[in-house]
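# Secondary and tertiary structure notes
This is what each chain is made of:
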Amino acid sequence: MPNFDLSTTSLRDLNGALHRVEEGSNDIHFDVLNPRGHHAVAVGIAAHLTVDIKGSVGYYCAGMNDGADVVIHGSAGPGVAENMMSGTVVVEGDASQYAGATGRGGLLVIRGNASSRCGISMKGIDIVVQGNIGHMSAFMAQAGNLVVLGNAGDALGDSIYEARLFVRGHVKSLGSDCIEKEMRPEHHEIVADLLRRAGVTGVSPAEFKRYGSARRLYNFHVDNADAY
Amino acid sequence: MCGIVGLFLKDPKLEPKLGGLLSDMLVTMSDRGPDSAGIAIYGKPTQGHLKVTVQSPDPEHDLRLLTSDLAEAGIRASVEVKDTHAVIDTTADVATVRALLASRHPHVRVMSAGESIEIYKEVGLPKEVVNRFDIRKMSGTHGIGHTRMATESAVTTLGAHPFSTGPDQCLVHNGSLSNHNNLRRELVREKMVFETENDTEVAAAYLTAEMAKGKNLREALTSALNDLDGFFTFVVGTKSGFGVLRDPIACKPAVMAETDSYVAFGSEYRALVGLPDIDRARVWEPEPATVYFWDRAGAA
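What you see is a predicted model, and the numbers here were worked out from it, not measured in a lab.

Let us look at the overall build of chain A. Within chain A, the regular secondary structure consists of two helices and 11 strands. The secondary structure elements of chain A, listed N-terminal to C-terminal, are β-α-β-β-β-β-β-β-β-β-β-α-β. Over its C-alpha atoms chain A spans a radius of gyration of 18 Å, differing by no more than 12% from the 17 Å that the globule rule assigns to 228 residues. Overall, chain A is about 60 × 45 × 30 Å in size when its C-alpha atoms are taken along their principal axes.

What follows is the structure, encoded as structure tokens:
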């Protein structure tokens, strides 16, 4: 079980080792000690590894993850799991701005709060936030699901495309072209599945409201024909 | 980018360590801005005494002559020279000191004036600046530091942060203001004096002007949300207080930590990891458009 102490080992050594793991290797569980807010910890992993980071990290932790299960036993700085392709990233504490931005797949779980721009431009990632999310979250979100157990800040889902937003608490305001939509049976299933995979218990999908695109902004509308 | 740090001590036992803790925090933020660095330290005031921190591009000439020139002008003062800076400790008022400097040493610039504040800032990396002025040995109740990646004005000593535009007041800034030219013109009409073309100096002068109208720092920061346009994370110091404000978009990073012993600010969590008992601190990201303020005098 490889063990990297970032107070004595360079970040490059850690990330290099994570990138060099070969298919079929048994050494696939990594512990990372003393991350002390370092940037870019465990970025660009393209294998089925598990990585336990024992502390808080800075910018871009687990960015571009493709297949690994990464747990941050602390809080994360801006851009955690940015552009994730597959795998899971769990933040035991809070996450700063643009968590899960542009993610194409995988599951990001934030046990605390996420600040502004959570899930901005998400393209297929699933995000579960157990606390609150900040303003401008899911801005221009294209695909995937964002499940929030707490409250959402201003301008949720501004200019949203086809991502689905589920919020259990209060939404401070909806962004342009984002509206509340009916929770149909398939949406209950999506939320139930994501809560189960995120390890959240005692919460019913019936407690959530769904928000999504009114499709007035990105679809052609005949009344706007003169504008073209 | 730019990097900001701030430390407000609640536990007097930490006061001898203020300079060291703040220096470590600032050096950690070096890669957020390599152009210039500065630090403001609030030390113990002496009743009836004023501290004027000055800087000269020709310290050999200017600062060596300060003691004799002040004495010759009948101003009771002691002068401590530190590299390019000097602290004038005097019972005279700031206008008297400024008048003497203007007539005898026109190249000497006032970095700060007040009962507690001392500001040291220069072009160069935080490590160099901290060493040049022996910041690690300084004690105090609170302090603010900044490392700069210049955007709005030239890389000069005067363009470095913190900016001080009023007694015992200072401000550091990460971001850029977009209405600073207009606001500067308005403030000039209100008799504020500017030394640079820098946007941050306008923000500092704006707060000074608002407080001169009778607002406390909390109220001045609240009105800044309406009157300042652009990106900003500010950390502000006054004689007894310490404030934080982020613009409503809040894209400039900020992390805070609080224990029974201190309140700390960093552009990133990295800046805070060396603080005592950080693992037990409450750590959070300050909310956008929200005024945070701590004051030892209870007069926020």
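After that view, the rundown keeps rolling.
With respect to the helices and strands, Gln-97 of chain A occurs in the loop between strand S5 (86-91) and strand S6 (107-110). Relative accessible area serves as the criterion here: at 2%, Gln-97 of chain A is assigned to the buried category. At 3.2 Å, the side chain of Gln-97 of chain A and the backbone oxygen of Cys-251 of chain B are in polar contact. Ignoring sequence-local partners within four residues, the contact set of Gln-97 of chain A consists of Pro-78, Gly-79, Ser-115, Ser-116 and Arg-117 of chain A together with Arg-246, Ala-250, Cys-251, Pro-253 and Glu-285 of chain B.

This part covers helix H2 (residues 59-72) of chain B. Residue and element names in this part refer to chain B. An ideal rise of 1.5 Å per residue puts 20 Å on 14 residues; H2 measures up with 19 Å between its terminal C-alpha atoms. Buried residues belonging to H2 abut strand S3 (50-55), strand S4 (77-82), strand S5 (85-90) and helix H3 (94-104). At the C-terminal side of H2, Gly-74 shows a positive phi close to 80 degrees.

Below, the discussion takes up the nonpolar core. Core analysis: the largest hydrophobic core is formed by 51 residues, its most contacted members being Ile-53, Ile-72, Leu-108 and Leu-146 of chain A. Once residues within four sequence positions are removed from consideration, Leu-146 of chain A is found in contact with Cys-118, Met-122, Ile-127, Val-129, Ile-133, Ala-138, Arg-164, Leu-165 and Phe-166 of chain A. By size, the runner-up hydrophobic cluster in this structure holds 31 residues, among which are Leu-18, Leu-22, Ala-271 and Ile-278 of chain B.

Here we take up the sheet that holds S4 of chain B. Residues and elements named next belong to chain B. An order of S4-S5-S3-S6 is seen for the four strands of this open sheet, with the pairing classed as antiparallel. In the strand order of this sheet, the two ends are held by S4 and strand S6 (109-114), each with one partner. Adjacent strand axes in the sheet meet at a mean angle of 20 degrees when their direction is disregarded. As paired elements, S3 and S6 share five bridges and run antiparallel to each other. Bridging across to S6, Gln-55 finds its partner in Arg-109.

Residue and element names in this part refer to chain B. Viewed as axis vectors pointing N to C, H2 and H3 meet at an angle of 115 degrees, and their least axial separation amounts to 11 Å. For the pair H2 and H3, the crossing hand works out as right-handed. Of the residues in H3, those in contact with Leu-66, Asp-69, Leu-70 and Glu-72 of H2 are Leu-100, Leu-101 and Arg-104. By residue class, the composition of the contact of H2 with H3 is four nonpolar, no polar and three charged.

Looking now at the pattern of salt bridges. One side chain can pair with another of opposite charge once the charged atoms of both are near each other. Counted according to the given criterion, the structure contains 29 salt bridges over all chains. Arg-216 of chain A serves as the salt-bridge partner of Asp-177 of chain A, at 3.7 Å between the closest nitrogen and oxygen. Of this pair, Asp-177 of chain A sits in the loop between strand S9 (164-167) and strand S10 (178-181) while Arg-216 of chain A sits in the segment after strand S11 (209-213), placing them 39 residues apart in sequence. Relative accessible area serves as the criterion here: at 56%, Arg-216 of chain A is assigned to the exposed category. Beyond isolated ion pairs, a larger network of salt bridges with shared partners links Asp-31, Arg-32, Glu-268 and Arg-270 of chain B.

What counts, and where the lines are drawn
- Residues numbered from 1 in each chain as written.
- Chains lettered and ligands numbered in written order.
- Predicted model: local features only at pLDDT ≥ 70, side-chain atom pairs only at ≥ 80, totals over all residues.
- Heavy atoms only, no water.
- Helix = DSSP H or I, 4+ residues; strand = E, 2+ residues; numbered from the N terminus.
- Rg over C-alpha atoms; globule rule 2.2 N^0.38 Å.
- Buried < 20%, exposed > 50% of the residue type's maximum accessible area, 1.4 Å probe, protein only.
- Polar contact = N/O pair within 3.5 Å; in protein donor to acceptor, adjacent residues only side chain to side chain.
- Contact = heavy atoms within 4.5 Å.
- Expected span 1.5 Å × (residues − 1).
- Core = buried A, V, L, I, M, F, W, Y, C linked by side-chain atoms within 4.5 Å.
- Pairing = 2+ DSSP bridges.
- Axes fitted to C-alpha atoms, helices over the stretch in contact; angles between N-to-C directions.
- Left-handed = near helix turned anticlockwise from the far one by under 90°.
- Nonpolar A, V, L, I, M, F, W, Y, C, P; charged D, E, K, R; others polar.
- Salt bridge = Lys/Arg side-chain N within 4 Å of Asp/Glu carboxyl O.

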